[in-house]
Amino acid sequence: MSSCDGADVERGSPTGSPGFGKGPSSPAPRFVGNILAFLLNLIGPKGLEFARYSLDYHTIRNYLHVRAEQHIPGYAKKIVEAYDVDGRIESMLQE
């Protein structure tokens, strides 16, 4: 089962703006990436917790990308429903 505590929706959101799918014009400096990777290794999910988080994240990302009801399997709909308690995921589809 997935843990749906709201924070995962924030972290797992593939977009924060209407122009999702478009990253910054230039990448962050390598030392910033190294610091971020170090910190995430210390405080981020590990083992099965990471596996569950990763599967849920990618399922929600794919749900937002496909946007076609007939192409979304039942298990994916259940995962999205579990995380979409406040309607934010569905509102991304309306933009």
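Residues numbered from 1 in each chain as written. Predicted model: local features only at pLDDT ≥ 70, side-chain atom pairs only at ≥ 80, totals over all residues. Heavy atoms only, no water.

Chemist: Looking at this model, I keep getting lost on the packing of helix α3 (residues 47-66) against helix α4 (residues 74-83). Mind explaining?
Modeler: Two numbers describe a pair of packed helices, the interaxial angle and the distance between the axes. Following both chains from N to C, one finds α3 and α4 inclined at 100°, their axes separated by 9 Å at the closest point. It follows from the interaxial angle that α3 and α4 lie roughly perpendicular. For the pair formed by α3 and α4, the contact residues are D56, T59, I60 and Y63 on the first element and A76, I79, V80 and Y83 on the second. Considered class by class, the residues forming the contact of α3 with α4 number six nonpolar, one polar and one charged. (Axes fitted to C-alpha atoms, helices over the stretch in contact; angles between N-to-C directions. Helix = DSSP H or I, 4+ residues; strand = E, 2+ residues; numbered from the N terminus. Parallel < 35°, antiparallel > 145°, perpendicular 65-115°, else oblique. Contact = heavy atoms within 4.5 Å. Nonpolar A, V, L, I, M, F, W, Y, C, P; charged D, E, K, R; others polar.)

Chemist: Before we go on, may I ask you to explain a nonpolar patch on the surface in this structure?
Modeler: Residues F31, V32, I35, L36, F38, L39, L40, L42 and I43 make up a contiguous nonpolar surface patch of about 940 Å² in total accessible area. What makes I43 exposed here is its relative accessible area of 71%. (Patch = residues over 30% accessible without salt bridge, like charges linked within 9 Å, V, L, I, M, F, W, Y side chains within 5 Å. Areas by Shrake-Rupley, 256 points an atom, 1.4 Å probe, with all protein chains shown as cover. Salt bridge = Lys/Arg side-chain N within 4 Å of Asp/Glu carboxyl O. Buried < 20%, exposed > 50% of the residue type's maximum accessible area, 1.4 Å probe, protein only.)

Chemist: Explanation requested: the nonpolar core in the structure shown.
Modeler: Across soluble globular proteins, nonpolar side chains have a tendency to be buried as a group. Core analysis: the largest hydrophobic core is formed by eleven residues, namely I60, Y63, L64, I72, A76, I79, V80, Y83, I89, M92 and L93. Looking at which element gives the most residues to this core, the answer is α4, with four residues. (Core = buried A, V, L, I, M, F, W, Y, C linked by side-chain atoms within 4.5 Å.)

Chemist: Is there a simple way to think about the packing of aromatic side chains in this case?
Modeler: Two numbers describe a pair of aromatic rings. These are the distance of the centres and the angle of the planes. Tallying each qualifying case throughout the model produces one aromatic pair. Consider the rings of Y53 and Y57, whose centres lie 6.3 Å apart with planes at 25°: the pair is stacked. Of the two residues, Y53 and Y57 are both situated in helix α3; the distance of four residues between them amounts to about one turn of the helix. (Phe/Tyr/Trp six-rings, centres within 6.5 Å; stacked < 30°, edge-to-face > 60°.)

Chemist: How should I be thinking about the confidence of the model for the protein chain in this particular structure?
Modeler: When pLDDT is low, close inspection of the predicted coordinates is not appropriate. Residues of the protein chain with pLDDT of at least 70 account for 76%, and the chain-wide mean is 78. Scored below 50 in pLDDT, residues 1-17 shows 23 contacts in the model against residues more than four places distant or in partner chains. (pLDDT = per-residue confidence, 0-100.)

Chemist: Where do I start with the side chain of T59 in this structure?
Modeler: Locating T59 in the fold gives a position in helix α3. Apart from residues lying up to four places away in sequence, T59 is in contact with A76 and I79.

Chemist: Would you mind showing me how to read α3 here?
Modeler: Note that an α-helix has 3.6 residues per turn; residues three or four places apart therefore point the same way. Helix length check: α3 (20 residues) gives 29 Å between terminal C-alpha atoms against 28 Å at 1.5 Å per residue, within 8%. Those residues of α3 not exposed but buried are S54, D56, T59, I60, Y63 and L64. Buried positions along α3 lie against α4 and α5 (88-94). One or two positions beyond α3, positive phi appears at R67, with a value near 55°. (Expected span 1.5 Å × (residues − 1).)

Chemist: Explain the environment of I72 here, please?
Modeler: Among the structural elements, I72 can be located in the loop between α3 and α4. In sequence terms I72 and N62 are ten residues apart; their C-alpha atoms lie 8.9 Å from each other. In this view, I72 contacts Y63, V66 and K77; residues no more than four positions away in its chain are not counted.

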